[in-house]
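Now for the letters of each chain:
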Amino acid sequence: MSFDTPSLKGRALRLLSGREHSRAELTQKLQRFEEEPGSLAQALDELQAKGFINEQRVIESVLYRRAAKLGTARIKHELQGKGLAPEAVSAALADLQASEHERARALWQKKFGVLPADAPAAAKQMRFLAARGFSADAIRRAGGGRSDD
């Protein structure tokens, strides 16, 4: 290996400097650079032992960046796509589920702010929230603009 070519650990650290990555994400991104079998796993083991790779930080990062704009279903899909443990994902989403109505209402208020004038406008508002992963109940309560909750 020359000095111009970064090591697997160097590549992983470069990726981690931009944002938190799960071990599965790093494996997927760095697999093509592995020259010796097992060297990638060894490099990732070292980084994980030193605390550079942390599953909980990945979850917290995603929740911090995405919770205001996305519903629980979409965030769950994103976390599962990162290869995180299902138990950790479920635990993180339990707290998020409780605030889904408020988050949907805030997003609806920011995007639309006024009650729909007709059925097509109401459907458009509902589709907007549904595309962002909010539950049907949260969409009905937030998108309809009703205050009977």
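Residues numbered from 1 in each chain as written. Predicted model: local features only at pLDDT ≥ 70, side-chain atom pairs only at ≥ 80, totals over all residues. Heavy atoms only, no water.

## Some points on the pattern of salt bridges
Within this structure, the stated rule accounts for eight salt bridges. Here E46 and K9 are joined by a salt bridge, their closest N and O atoms 2.4 Å apart. On the criterion of sequence distance, the pair formed by E46 in helix α3 (residues 39-49) and K9 in helix α1 (residues 8-18) is long-range, its members being 37 residues apart. Note on E46: relative accessible area 30%, which makes it partly exposed. For R19, the salt bridge goes to E25, with nearest N and O atoms at 3.2 Å. The exposure class assigned to R19 is partly exposed, which follows from its relative accessible area of 29%. On the accessibility criterion, E25 (10% relative accessible area) is buried. Members of the salt-bridge network, linked through shared partners, are R19, E25 and K82. (Salt bridge = Lys/Arg side-chain N within 4 Å of Asp/Glu carboxyl O. Helix = DSSP H or I, 4+ residues; strand = E, 2+ residues; numbered from the N terminus. Buried < 20%, exposed > 50% of the residue type's maximum accessible area, 1.4 Å probe, protein only.)

## Let's talk about the packing of aromatic side chains
Applying the stated criterion across every chain, the model contains one aromatic pair. Judged by centre distance (5.4 Å) and plane angle (90 degrees), the rings of F112 and F128 are edge-to-face. One end of the pair, F112, is in the loop between α7 (100-111) and α8 (119-131); the other, F128, is in helix α8, and 16 residues separate them in sequence. The lysine or arginine in question, R11, covers the ring of F33, its NZ or CZ lying 3.7 Å from the ring centre. (Phe/Tyr/Trp six-rings, centres within 6.5 Å; stacked < 30°, edge-to-face > 60°. Lys NZ or Arg CZ within 6 Å of the ring centre and 35° of its normal.)

## Some details on the confidence of the model for the protein chain
Of all residues in the protein chain, 93% attain a pLDDT of 70 or more, and the chain-wide mean is 90. Counted against residues more than four places away or in other chains, residues 145-149, with its pLDDT under 50, gives eight contacts. (pLDDT = per-residue confidence, 0-100. Contact = heavy atoms within 4.5 Å.)

## A closer look at the side chain of R11
As for its placement among the helices and strands, R11 is situated in helix α1. Buried charge without a partner: R11 forms no salt bridge, and the closest opposite charge is E35, 7.0 Å away. Apart from the residues lying within four places of it in its own chain, the contact partners of R11 are T5, P6, L30 and F33. (Lys, Arg positive; Asp, Glu negative; His and termini not counted.)

## A few points about the side chain of E25
In this structure, E25 sits in helix α2 (residues 23-30). Within the structure, E25 has its side chain in polar contact with the side chain of R19 (distance 3.2 Å). Of note is the side chain of E25, whose polar atom sits 3.0 Å from the side chain of K82. Non-local contacts of E25, meaning those with residues more than four positions away in its chain, are made with R19, E20 and K82. (Polar contact = N/O pair within 3.5 Å; in protein donor to acceptor, adjacent residues only side chain to side chain.)

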